[in-house]
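Structural description and commentary
The chain contents come next:
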Amino acid sequence: MSEISERLAALSPSETLAMSQKSDELKAQGIDVINLSVGEPDFFTPGFIKEAARKAIDENFSFYSPVPGYLSLRQAIVAKLKRENNLDYQPGQIVCSNGAKQSVCNVLLSVVGPGDEVIVPAPYWVSYVEMVKLAEGKNVIVTAGIEQDFKITPGQLEAAITPRTKALILCSPSNPTGSVYSQAELKGLADVLAHYPRITIISDEIYEHINYAGKHESIAQFDSIRDRVVIINGVSKGYAMTGWRLGWIAAPQWIASACNKLQGQYTSGPSSITQKAAEAAYNGPQDCVETMRQAFERRRDLMVQLGNDIPGFQVNRPQGAFYLFPDCSYYIGKSFNGKKMTHSADLALFLLEEAHVAAVGGVAFGAPGCIRFSYATADEKLVEAMRRVKVALAGLG
Ligand code: PMP
Ligand code: GLU
């Protein structure tokens, strides 16, 4: 008998990874696909970080590390939090994991139990809602459309809170919208949360360094809620290290201890070599981060221009991350060769097959009228991809 558990049967596969895989399959058949689906920097990891990894191998960092990561790495993260965010943490409050993905999941599994409600603002990153399901919690979706720049208001947050609310997941800069909450907007949310001491605030700041709005603002800066905020961050995006797998939390001690316990039974600490590379990333020169950020900003400007040039697309101006998330409801309901586009996932498939451009339909992000293009790729490819998209969409009737 081959029957998977109910828990796993209820889980949807990651749409971002699935679209990227489809794109790779077509490429393997010799088709010239431009992949704007998966969100990862196209830059190589900076040289001094790679050098630190080589040195770690030569110096025999080949043994198990402590479960939450080497103390020296956690100290480097504590120093980063002070230097860049003016936040005070102790190394015991930091837990390093195999990517920020595991960090989010650790926290949800540590805090959320059967029937607990988790408020997830939509559009959301695909994995949040699936992880909540894994923890047997209940997703409470609060929707913010393009007319409010995809950001929820304090009133919306307050209306969604019930006695069963256990956590809120906030993502700024946001995947998939690129929206960034200002300090004043975060304060508005913090003022509401201050009245509900039972709620843990999970603040996903993995795109911290890819910010066009100015200084990064963390909701952990507000004293009224500070002892309930878990910061999620890591080296994947800002340091172009997606494959190395290193994410971390900065959390209240009880949550850090819980994640440590969970991880100790589940994965142990992350790769020793990767940890030494991440330590170098945080302690080393930071100009590589700014150089990549500037390239993303230039591409943001280009993509907004290209997106605005497509009839029927409604485009916001992302303030961070590397995604354009146009509302393309105009095309929903139209058809191609007798096949109707019932939502944006159909549209994404159509674009893959007809334009050979891989994007991700907004359905997986809780926004069925939108579609996500990752612009973490060369300018020429972006121009060509959006040209193809425009031509293909014009063929819908
Ligand atoms: N949070 C968000 C919003 C993301 O986009 C990603 C990218 N996959 C992650 C977390 C996880 O990042 P990591 O590669 O560190 O697991
Ligand atoms: N966060 C990236 C994305 O949204 C990477 C893929 C994933 O882990 O989902 O495309």
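Here the structure is shown first, and the text comes after it.
What comes next is a walk through the structure.

1. Regarding the sheet that holds strand β2 (residues 94-97)
Read from one edge to the other, the open sheet built from 7 strands follows the order β2-β8-β7-β6-β5-β3-β4, with strand pairing classed as mixed. In this open sheet, the two edge strands, each paired with only one partner strand, are β2 and β4 (138-143). In this sheet, adjacent strand axes meet at a mean angle of 20° when their direction is disregarded. One ladder, built from 5 bridges, connects strand β5 (residues 165-171) with strand β6 (residues 200-204); its direction is parallel. Along β6, the bridge assignment pairs leucine 168 with isoleucine 201. Set on the sheet, helix α4 (residues 71-85) makes contact with β2, β7 (229-234) and β8 (247-250); between it and β2 the angle comes to about 115°.

2. Some words on the pattern of salt bridges
The final tally for this structure, using the stated rule, is 27 salt bridges. Between lysine 80 and glutamate 84 there is a salt bridge; the shortest N-O distance is 2.8 Å. With a gap of 4 residues between them, lysine 80 and glutamate 84 both fall in helix α4, about one helical turn apart. Relative accessible area serves as the criterion here: at 24%, glutamate 84 is assigned to the partly exposed category. By sharing partners, the salt bridges in this structure join Glu290, Arg293, Glu297, Arg300, Asp301 and Arg317 into a single network.

3. Digging into the site of ligand 2
Neighbouring residues of ligand 2: Ser14, Thr16, Leu17, Val38, Gly39, Lys101, Trp125, Asn175, Tyr207, Lys237, Tyr323 and Arg372. In the model, an oxygen atom of ligand 2 is placed 2.8 Å from a nitrogen or oxygen of the arginine 372 side chain. A total of 280 Å² of accessible area belongs to ligand 2 in isolation, and the protein chains cover 89% of it. Of the residues belonging to the shell around ligand 2, the class tally is 5 nonpolar, 4 polar and 3 charged.

4. Observations concerning the environment of phenylalanine 313
Assignment of secondary structure puts phenylalanine 313 in the loop between α11 (287-308) and β9 (323-324). Take phenylalanine 313: its relative accessible area is 10%, and that puts it in the buried class. Along the backbone, phenylalanine 313 and lysine 390 are 77 residues apart, and their C-alpha atoms lie at a distance of 9.9 Å.

5. A few points about the pairing of strand β3 (residues 117-122)
Of all 6 residues making up β3, 6 are buried, and the element is well covered by its neighbours. Of the two faces of β3, the one carrying Glu117, Ile119 and Pro121 and the one carrying Val118, Val120 and Ala122 are both buried. In the sheet, β3 pairs with β4 via 6 bridges, with the strands oriented parallel. If you follow valine 118 over to β4, its bridge partner there is asparagine 139. Handedness of the crossover is the feature at issue here: the chain leaves β3, passes through helix α6 (residues 126-134), returns alongside β4, and the resulting connection is right-handed. One ladder, built from 3 bridges, connects β3 with β5; its direction is parallel. Of the residues in β5, the one forming a bridge with isoleucine 119 is leucine 168.

6. So, the sheet that holds strand β14 (residues 371-374)
As summarised here, the arrangement of the 3 strands in space is β9-β14-β13, forming an open sheet in which the pairing is antiparallel. Two strands in the sheet have a free side with no partner beyond their single neighbour: β9 and β13 (360-361). One ladder, built from 2 bridges, connects β9 with β14; its direction is antiparallel. Looking across to β14, one finds that tyrosine 323 is bridged to serine 374.

7. Digging into the site of ligand 1
Neighbouring residues of ligand 1: 13 residues in total, closest Ala100, Asn175, Asp204, Tyr207 and Arg245. Note that an oxygen atom of ligand 1 is positioned 2.7 Å from one of the side-chain N or O atoms of arginine 245. Summarising the interface, the protein chains cover 92% of the accessible area of ligand 1, which totals 400 Å² for the free molecule. Tallied by class, residues from the shell around ligand 1 come to 6 nonpolar, 3 polar and 4 charged.

8. Overview of the nonpolar core
Grouped together as the largest cluster of nonpolar side chains are 83 residues, with contacts concentrated most on Phe313, Phe373 and Leu393. Beyond its immediate stretch of four places on either side in the chain, phenylalanine 313 contacts Gly307, Pro326, Asp327, Cys328, Tyr331, Phe373, Met386, Val389 and Leu393.

9. Remarks on the packing of aromatic side chains
Under the counting rule described, the total for this entry stands at 15 aromatic pairs. With a centroid separation of 5.6 Å and 65° between ring planes, the pair formed by phenylalanine 150 and phenylalanine 325 is classed as edge-to-face. Of this pair, phenylalanine 150 sits in the loop between β4 and α7 (154-160) while phenylalanine 325 sits in the loop between β9 and β10 (335-336), and the two are 175 residues apart along the sequence. Accessibility expressed as a relative area gives 0% for phenylalanine 325, which makes it buried. Site record: aromatic cluster; members linked through ring pairs are Phe43, Tyr207, Phe296, Phe322 and Tyr323. One cation-aromatic arrangement involves arginine 226 over tyrosine 89; the distance from NZ or CZ to the ring centre is 4.5 Å. Here lysine 276 stacks its cationic end above the ring of tyrosine 70, 5.6 Å away from the centre of that ring.

Definitions and cut-offs
- Residues numbered from 1 in each chain as written.
- Chains lettered and ligands numbered in written order.
- Predicted model: local features only at pLDDT ≥ 70, side-chain atom pairs only at ≥ 80, totals over all residues.
- Heavy atoms only, no water.
- Pairing = 2+ DSSP bridges.
- Helix = DSSP H or I, 4+ residues; strand = E, 2+ residues; numbered from the N terminus.
- Axes fitted to C-alpha atoms, helices over the stretch in contact; angles between N-to-C directions.
- Contact = heavy atoms within 4.5 Å.
- Salt bridge = Lys/Arg side-chain N within 4 Å of Asp/Glu carboxyl O.
- Buried < 20%, exposed > 50% of the residue type's maximum accessible area, 1.4 Å probe, protein only.
- Near = heavy atom within 4 Å.
- Polar contact = N/O pair within 3.5 Å; in protein donor to acceptor, adjacent residues only side chain to side chain.
- Areas by Shrake-Rupley, 256 points an atom, 1.4 Å probe, with all protein chains shown as cover.
- Nonpolar A, V, L, I, M, F, W, Y, C, P; charged D, E, K, R; others polar.
- Right-handed = clockwise from strand over helix to strand, strands pointing away.
- Core = buried A, V, L, I, M, F, W, Y, C linked by side-chain atoms within 4.5 Å.
- Phe/Tyr/Trp six-rings, centres within 6.5 Å; stacked < 30°, edge-to-face > 60°.
- Lys NZ or Arg CZ within 6 Å of the ring centre and 35° of its normal.

Just geometry here; none of it tells us what the structure is for.
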